[in-house]
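# Structure assessment
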Amino acid sequence: MTLADRSIAVLAYPGYQELEFWYPVLRAREEGATVTVVASSPGGCESYLGYPVLGDAEASAVDVERLAALVVPGTVKGQPAASDEQLQLIKAAHTAGRPIYTVGNGAELVRELGGDDEGRHAADADGLPELVRRLRAELTN
């Protein structure tokens with residue numbers, strides 16, 4: 001089975017760590033998922049190394065009821081500077097019981113909001129293959 005017909009949102013914020021962001025985006029798209037990049041600003045943001053990314057939708061436009069999963073990657077330095085709308089999306093996904101997958105210090109952001117990744121966490125880029133395998137397994141059951 002593939003991730004076809006699954007909707008996954010991935011957060012992006014200033015200083016995002018490239019692999020922690022792009023690996024889940026590209027692998028989910030490869031599996032046929034509809035991946036929505038939710039940037040912290042309408043103008044997009046830049047990674048730690050200066051690579052820009054534009055959002056596909058604002059966080060307030062993401063329909064949590066249709067969302068299969070949320071991915072919260074980390075940043076290289078400090079805690080992710082998520083926008084208020086992104087924080088609300090994390091809270092809404094948690095409240096709706098949607099699985100939240102975290103990478104690096106993205107887990108700290110989710111925990112501070114009272115959420116839990118329930119072990120759906122990769123400590124760093126080395127753990128991404130296993131995290132994406134888990135995402136695929138859980139969303140295709």
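Residues numbered from 1 in each chain as written. Predicted model: local features only at pLDDT ≥ 70, side-chain atom pairs only at ≥ 80, totals over all residues. Heavy atoms only, no water.

Moving on: unusual backbone geometry. Unusually for a residue other than glycine, Asp5 sits at a positive phi of about 70°. Tracing the backbone shows Asp5 in the segment before strand E1 (7–12). Look at Asp5 and you get exposed, because its relative accessible area is 77%. A positive phi angle, near 50°, is found at Glu118, a position not held by glycine. Checked against the element boundaries, Glu118 lands in the loop between helix H3 (106–112) and strand E7 (121–122). (Helix = DSSP H or I, 4+ residues; strand = E, 2+ residues; numbered from the N terminus. Buried < 20%, exposed > 50% of the residue type's maximum accessible area, 1.4 Å probe, protein only.)

It is worth spelling out the side chain of Thr140 at this point. Mapped onto the elements, Thr140 comes out in the segment after helix H4 (128–139). The class of Thr140 is buried, set by a relative accessible area of 10%. Within the structure, the side chain of Thr140 is placed 2.7 Å from the backbone oxygen of Arg136, a separation counted as a polar contact. (Polar contact = N/O pair within 3.5 Å; in protein donor to acceptor, adjacent residues only side chain to side chain.)

Between its first and last C-alpha, H4 extends 16 Å over 12 residues, near the 16 Å set by a 1.5 Å rise per residue. Listed in full, the buried residues belonging to H4 are Leu128, Leu131, Val132, Leu135 and Leu139. The buried residues of H4 occupy one face: seen down the axis, they fall within an arc of 95°. Taken together, the buried residues of H4 touch E1, helix H1 (18–30), strand E5 (69–72), strand E6 (100–103) and E7. (Expected span 1.5 Å × (residues − 1). Arc of directions from axis to C-beta. Contact = heavy atoms within 4.5 Å.)

Okay, the packing of aromatic side chains next. Evaluated as defined, the whole model comprises two aromatic pairs. Between Tyr16 and Phe21 the ring centres are 5.0 Å apart and the planes differ by 55°, which places this aromatic pair in the tilted class. On the basis of relative accessibility, which here comes to 0%, the residue Tyr16 falls in the buried class. Given the relative accessible area of 0%, Phe21 is considered buried. Aromatic ring contacts, followed pair by pair, group Tyr16, Phe21 and Trp22 into a single cluster. Cation over ring: Arg120 sits above Tyr101, and NZ or CZ is 5.5 Å from the ring centre. (Phe/Tyr/Trp six-rings, centres within 6.5 Å; stacked < 30°, edge-to-face > 60°. Lys NZ or Arg CZ within 6 Å of the ring centre and 35° of its normal.)

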